[in-house]
Amino acid sequence: MLDLARLRALHAVHVHGSVGAAATALGYTASAVSQQIAKLERETRTTLLERQGRGVALTEAAQLLAETAQELMAIVERAEVALEERRGRPTGRLTMAAFPTAARGLLPEVLAGLTADHPSLELRLVEEGAHLSVDLVSRGVVDLAVVHDWDIAPLPAPEGLERVVIGEDHCDVLVPAGHSLAARGALVREDIVDQRWICQPPGHVCHDWLVRTLREAGTEPDLAFQVAEYQTQLALVAAGLGIALVPRLGRGPVPDGVVVVPLEPAPVRRLYALWRTGASRRPAITETVRALRAHYPRVVA
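Remember, it's a predicted structure, so these values are computed and weren't measured experimentally.

What counts as what
- Residues numbered from 1 in each chain as written.
- Predicted model: local features only at pLDDT ≥ 70, side-chain atom pairs only at ≥ 80, totals over all residues.
- Heavy atoms only, no water.
- Core = buried A, V, L, I, M, F, W, Y, C linked by side-chain atoms within 4.5 Å.
- Buried < 20%, exposed > 50% of the residue type's maximum accessible area, 1.4 Å probe, protein only.
- Helix = DSSP H or I, 4+ residues; strand = E, 2+ residues; numbered from the N terminus.
- Contact = heavy atoms within 4.5 Å.
- Lys, Arg positive; Asp, Glu negative; His and termini not counted.
- Salt bridge = Lys/Arg side-chain N within 4 Å of Asp/Glu carboxyl O.
- Polar contact = N/O pair within 3.5 Å; in protein donor to acceptor, adjacent residues only side chain to side chain.
- Disulfide = S-S within 2.5 Å.

**Student:** Would you mind going over the nonpolar core in detail, with residue names and values included?
**Tutor:** Nonpolar side chains in soluble globular proteins tend to be buried together. In terms of nonpolar packing, the biggest core is built from 32 residues, with V173 and W197 touching the most fellow members. Of all the secondary structure elements, the ones that give two or more residues to this core are β6 (161-176), β7 (196-199), α8 (205-216), α9 (230-238), β9 (243-247) and β10 (258-262). The biggest single contributor to this core is α8, with 6 residues. Beyond its immediate chain neighbours, meaning those up to four positions away, V173 contacts L187, I192, I243, A244, L245, V259, V260, V261 and L263. Within the second largest apolar cluster, 30 residues are counted, among which are M96, I166, W275 and Y296.

**Student:** Break down the side chain of D149 for me, citing the residues and quoting the values.
**Tutor:** Locating D149 in the fold gives a position in strand β5 (residues 144-149). No salt bridge is formed by the buried D149; its nearest oppositely charged neighbour, R163, is found at 4.4 Å. Side-chain polar atoms of D149 contact the backbone nitrogen of L155, separated by 3.4 Å. Contact partners of D149, with chain neighbours within four places excluded, come to P154, L155, R163, V268, R269, R270 and Y272.

**Student:** If you had to explain the state of the cysteines to someone new, which residues and values would you point to?
**Tutor:** Overall, the coordinates contain 0 disulfides when judged by the stated rule. With no disulfide partner, C199 has as its closest neighbouring cysteine sulfur the one in C206, 9.0 Å distant. C171 provides the cysteine sulfur closest to C206, a residue in no disulfide bond, and the two sulfurs are 4.6 Å apart. For C206, a relative accessible area of 7% gives the class buried.

Quick look at the structure:
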């Protein structure tokens, strides 16, 4: 008889690409995941992981077993949903994924409230990018994800997933207090050409939106400082090194010496809660979605 916990560990390595990443997603240590897979190798008398440079790769047999594990996990999920629905209250483990600013700006109070209201609900959180989170939900690695999309980066909607809008997140221009734009009540896109920018690196939606917008206005953007963390961007703006375009969610307190100026029309990203269709009736899902939608207006006010 194959052990489901060991199959789950193998499936996590298959999805995340390494033992360490699988351990983080499952909330275990890397050693515990390795031990689970070693036991599974003994049970199946099959080599499942092979050394590949400094990491590991799944053998062909392991990939087949990981696909079977996903099917078994889906069956178990349906049984767990039925039992939880019968109880009529959120119980069991709920693993969530969220992109960084949602994990910082939205999730702490939501998770704390759910934990206080539902002691039988065991919550887990994995920080991950929005598009990868969709895949994690689809594969059954996480139960629910907080994701976002922009007009230039629509969110994929694979079959078998449900989603609901949590709310909208607007972006503002942040400028040093002594900057010529600091006294303006609002800016239009023509006002922000020929500026020195502090922005995220290529591949992030904020970066791509900024580059596309400025090029459409007929100018090549001066991207002087490219850093991923918004808090670092705020510090660079406060130092007078440039201006930045930053979403409100997860932005945190604006330091002294930084002025927030709205941009019209504002760049907007829409936030969603995303889960598997088969879990739609699970009380833990419905209650978490309710809490996200109820709390969101307070964190972006």
